Amino acid sequence: MKKILLLNGPNLNRLGKREPGIYGVSTLKDLEERMIRLGSESKIEVICFQSNHEGDLIDKLYEAEDTGIDGIIFNPGAFTHYSYGIRDAIAGIDCPVIEVHISNVYQREEFRHKSVIAPVCVGQIAGLGVLGYELALEAFARETEGEE
Ligand code: DQA
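Values in this document were obtained by computation on a predicted structure and should not be read as measured data.

## Re the site of the ligand
Here comes step 1: Taken together, Arg18, Tyr23, Asn75, Gly77, Ala78, His81, His101, Ile102, Ser103, Val105 and Arg112 are the residues near the ligand.
Here comes step 2: In this structure, an oxygen atom belonging to the ligand sits 3.0 Å away from a side-chain N or O atom of Arg18.
Here comes step 3: For the ligand, the accessible surface in isolation is 320 Å², of which the surrounding protein chains cover 99%.

Structure, rendered in structure tokens:
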């Protein structure tokens, strides 16, 4: 059974309450429960973690490699735009990462147009709401087709 880590960064614990016009009304709990259920339908174990702290996210990236996680779906929140520490951690692990943003960061403030994470990720999904997480899971699920 494949294992996927769903990693959410700062302020995403406030999903559903935080700027719902931008981020929607689903809570983080709604999102995590849905991803776990969708994963199990594709025989994928989805492990969820959220932190507001950069170091905790970096530790989780290394732990993912050490525990044999097959792929990471990662919304790094505002760290996307400036965390070289997170970028270096992703570059240093042998585990594919798909970057997800709920909002279309390219339609928003200029500082959100740059992702320092994107060059070390296999792909990026932005602007499709929480559906973006599901599409990232689908991408990993297709990779696992035909395997046990
Ligand atoms: C976000 C976009 C970031 O710019 C922002 O700081 C977030 C959420 C998104 O999901 O759209 O916290 O990553």
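From this point on, the discussion continues.
## Observations regarding the state of the cysteines
Cysteine pairs can be covalently joined through their sulfur atoms, and such a bond is termed a disulfide.
Here comes step 1: Evaluation of the coordinates by the stated rule reveals 0 disulfides.
Here comes step 2: As a non-bridged cysteine, Cys48 has Cys95 as the owner of its nearest cysteine sulfur, 15 Å distant.
Here comes step 3: Of the cysteine sulfurs around Cys95, a residue in no disulfide, the closest is that of Cys121, at 11 Å.

## Brief notes about the UniProt feature "binding site: substrate" (unreviewed entry) in the protein chain
Here comes step 1: Following the UniProt record, the feature "binding site: substrate" (unreviewed entry) maps to Asn75, His81, Asp88, Ile102, Ser103 and Arg112 here. With the annotated positions falling across 38 residues, the maximum pairwise C-alpha distance of 24.2 Å shows that they are not confined to a single cluster.
Here comes step 2: Relative to the helices and strands, Ile102 resides in the loop between β4 (97-101) and β5 (123-126).
Here comes step 3: Non-local contacts of Ile102, meaning those with residues more than four positions away in its chain, are made with Leu12, Leu15, Ile22, Tyr23, Asn75, Gly127, Leu128, Gly129, Val130 and Tyr133.

## Some points on the packing of helix α3 (residues 54-66) against helix α4 (residues 84-92)
Here comes step 1: At their nearest, the axes of α3 and α4 sit 10 Å apart, and the two run at 0° to each other. Here α4 runs roughly parallel to α3, going by the angle between their axes. Contacts from Glu54, Leu57, Ile58, Leu61, Tyr62 and Glu65 of α3 reach α4 at Gly85, Ile86, Asp88, Ala89, Ile90 and Gly92.
Here comes step 2: Here the contact of α3 with α4 is composed, by residue class, of 7 nonpolar, 2 polar and 3 charged.

Cut-offs used in this document
Residues numbered from 1 in each chain as written. Predicted model: local features only at pLDDT ≥ 70, side-chain atom pairs only at ≥ 80, totals over all residues. Heavy atoms only, no water. Near = heavy atom within 4 Å. Polar contact = N/O pair within 3.5 Å; in protein donor to acceptor, adjacent residues only side chain to side chain. Areas by Shrake-Rupley, 256 points an atom, 1.4 Å probe, with all protein chains shown as cover. Disulfide = S-S within 2.5 Å. UniProt positions renumbered as here; feature names shortened; annotations may be inferred. Helix = DSSP H or I, 4+ residues; strand = E, 2+ residues; numbered from the N terminus. Contact = heavy atoms within 4.5 Å. Axes fitted to C-alpha atoms, helices over the stretch in contact; angles between N-to-C directions. Parallel < 35°, antiparallel > 145°, perpendicular 65-115°, else oblique. Nonpolar A, V, L, I, M, F, W, Y, C, P; charged D, E, K, R; others polar.

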